[in-house]
Amino acid sequence: MKSFPDKERVDYPILAITLFSVLYNCILAYINHNIMQLSVSHVVLCEGLMMISSVALIFKKGIYEEDLPLVLFLVFALVVTIYITVFNRLTFIDQFRNVLIIFAFAGIGSWASERTVRLIFRIACFMVLLFLVCEVVSTPFYVTIFHPAEYFESTRGIKQMSFNSTGLFANALGFQGRFSFGLIDHRSSSIFLEQVSLANFCGVSVIYLLSFWPKLGKGDKALFISTVLLILLTNDTRTMLIFSCVSIVGYFLFPKIPKAFNLILMPLIILIGFFVHFMKPDEVGDNFTGRIGVTVKKMLDLDIQSMLGLSISRIGEFADSGYVYLIYGSTIFGLIVFWLFVCLYPAGKTPAQRRCAHSLSLFIFLNMMIGGTAIFSIKIAGLLWLLVGYMRASEEPRTARVRPETLNGSRVPG
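What counts and what doesn't
The residue count restarts for each chain, going from 1 along the sequence in the order it is written. This being a predicted model, a pLDDT of at least 70 is required before a residue's local features are given, and a value of 80 or more before pairs of side-chain atoms are given or counted; all residues contribute to the totals for chains, interfaces and linings. Computation of side-chain values covers all heavy atoms of the structure but excludes hydrogens and water. Patch members must show over 30% relative accessible area and no salt bridge, and they are joined within 9 Å when carrying like charges or within 5 Å when they are nonpolar side chains of Val, Leu, Ile, Met, Phe, Trp or Tyr. The accessible surface values rely on the Shrake-Rupley method and a 1.4 Å probe; as for residues, cover is taken only from the protein chains in view. Salt bridges are identified by distance alone: a Lys or Arg side-chain nitrogen within 4 Å of an Asp or Glu carboxyl oxygen. Only DSSP runs of H or I with at least four residues qualify as helices, and only runs of E with at least two residues qualify as strands; both kinds are numbered from the N terminus onward. Only protein chains enter the calculation, and the probe is 1.4 Å; a residue is then buried if its accessible area is under 20% of its type maximum, exposed if over 50%, and partly exposed in between. Grouping buried Ala, Val, Leu, Ile, Met, Phe, Trp, Tyr and Cys residues that are joined through side-chain atoms within 4.5 Å yields what is termed a nonpolar core. By definition, residues are in contact when any of their heavy atoms lie within 4.5 Å. Any two of the Phe, Tyr and Trp rings considered here, Trp counted by its six-membered ring, make a pair once their centres fall within 6.5 Å; the pair's planes then place it as stacked at under 30 degrees, edge-to-face at over 60, or tilted in between. By the criterion adopted, a ring carries a charge over it if an Arg CZ or a Lys NZ lies within 6 Å of its centre and within 35 degrees of its normal.

Trainee: How should I be thinking about a nonpolar patch on the surface in this particular structure?
Mentor: On the surface, I304, L308, F333, I336, L340 and L344 cluster together into a nonpolar patch covering about 520 Å² of accessible area. Element by element, the count of residues in the nonpolar patch is highest for helix 14 (residues 322–344), at 4 residues. For F333, the location among the structural elements is in helix 14. On the basis of relative accessible area, F333 is assigned to the partly exposed category, the value being 49%.

And the structure:
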């Protein structure tokens, strides 16, 4: 049997888990219409299987000293979850689930080979582009495959609107006056069946391009650039358009900036948000400044009780305001710990690592100003944190340097 160097072997369990995290929604949608009606329990079961498989793989490999940031972050999330549940007398585990996704995929990413990561992104991008082209060329045919509206009604309880005769997820229809390039008559969704995850996939693809650009062949570059451009032209995503343009400059600028700069990025984005709001205090619509205005107004309404996580019953009001949602769901201390983790966990030694670290912080903190929970969705978060975990260990692959018998006691039994 041929023996591959570490960077050339394929980790099939990691490949399967991560690709399933990207594709499971469209697979379930096909099953829902063509084989059997599904419910939210089937979605939960799929996510649970991915989490269990990832965590089992991590513990099989072992927990080491370099994994402590992930372990401590997960323990902190568990403590906060218990605290919020006890004092609110209401079970709320969403934030623990969000951190568990980060733990699981960053964990397996740190064990992945370069070939595995590149294969995962190549397959995911090809599938997204394939069904995006299908959606653009013939939306009715796309709907006959997945029936998005029907799927979200079955599994999320989102009723199909009477005005929506397309079969698409209603939120993807857009509205008159919304920013658009006019290429199609709705916001594209591809394999994600809803528009927000596709927009965020565009952002994750840009982070991947920044991290891997010198190593990619012409075919991969063409595939990813085509996909990113088509998403930007059909998804009507203002945030990812801004992020992508900044990232082009960032490719040359990020390697010159110390990783510690990320620590001022979130406060800076929030400060700019307050400035934009006070310049246009009446903007609250579904445009870029309006979404910023909504988030800032909700931040100004925070009180001591909500910042201590004692108003969890109201959290449903803030699904579109990431910073406020995080505070309500994990206290002000949860937001601070999340900020520190995002800024400090990624590696920042090489130019590629700094490009990944800076673009990650910009992607997350900008998203949280105009959006809510979408960046924590396993469809996007799995792929994103797999990349971050891989880049953290990319210069010294763990499978090549970590052997239980040669660690001199540095291994923490898993």
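There's more to say after this.
Trainee: Is there a simple way to think about the nonpolar core in this case?
Mentor: Nonpolar side chains tend to gather and get buried jointly when the protein is soluble and globular. Within the largest apolar cluster, 130 residues are counted, with the highest numbers of intra-cluster contacts made by Y323, I364, F365 and W385. Of the residues forming this core, the biggest block, 12 residues, is contributed by helix 14. Apart from residues no more than four positions distant in its own chain, F365 is found in contact with M266, I269, Y323, W339, V342 and C343.

Trainee: Sorry if this is basic, but what is going on with the side chain of N32 here?
Mentor: Within the element layout of this structure, N32 appears in helix 1 (residues 12–34). Note on N32: relative accessible area 5%, which makes it buried. Setting aside anything within four residues of it in sequence, one finds N32 in contact with Q37, L38, E150, Y151 and S154.

Trainee: I'm lost on the packing of aromatic side chains in this one. Help?
Mentor: The description of an aromatic ring pair uses the distance of the two centres, along with the angle that the planes make with each other. This model, assessed by the stated rule, comprises 19 aromatic pairs. Between the aromatic rings of F341 and Y345, the centroid separation amounts to 4.9 Å while the plane-to-plane angle is 15°, which identifies the pairing as stacked. For the pair F341 and Y345, one class covers both residues: buried. Here the aromatic residues F121, Y208, F212, F224 and Y390 are joined through ring pairs into a cluster of three or more. The ring of Y251 has R355 sitting right over it, with the charged end atom 3.8 Å from the ring centre.

Trainee: Is there a simple way to think about the pattern of salt bridges in this case?
Mentor: Proximity of charged atoms lets side chains of opposite charge pair with each other. A full pass over the atoms with the stated rule returns 8 salt bridges. Here E47 and R97 are joined by a salt bridge, their closest N and O atoms 3.0 Å apart. Residue E47 is found in helix 2 (residues 40–61), and its partner R97 is found in helix 4 (residues 94–109); the two are separated by 50 residues along the sequence. Overall, the relative accessible area of 15% leaves E47 in the buried class. Close ionic contact of R118 with D220 constitutes a salt bridge, the shortest N to O distance being 4.0 Å. Highlighted residues: R118 in helix 5 (residues 114–137) and D220 in helix 9 (residues 218–235), separated in sequence by 102 residues. For the pair R118 and D220, a shared accessibility class is recorded, and that class is buried. A single network of salt bridges, built from pairs that share partners, joins E114, R118, R122, K215 and D220.

Just distances and angles here, no functional claims.
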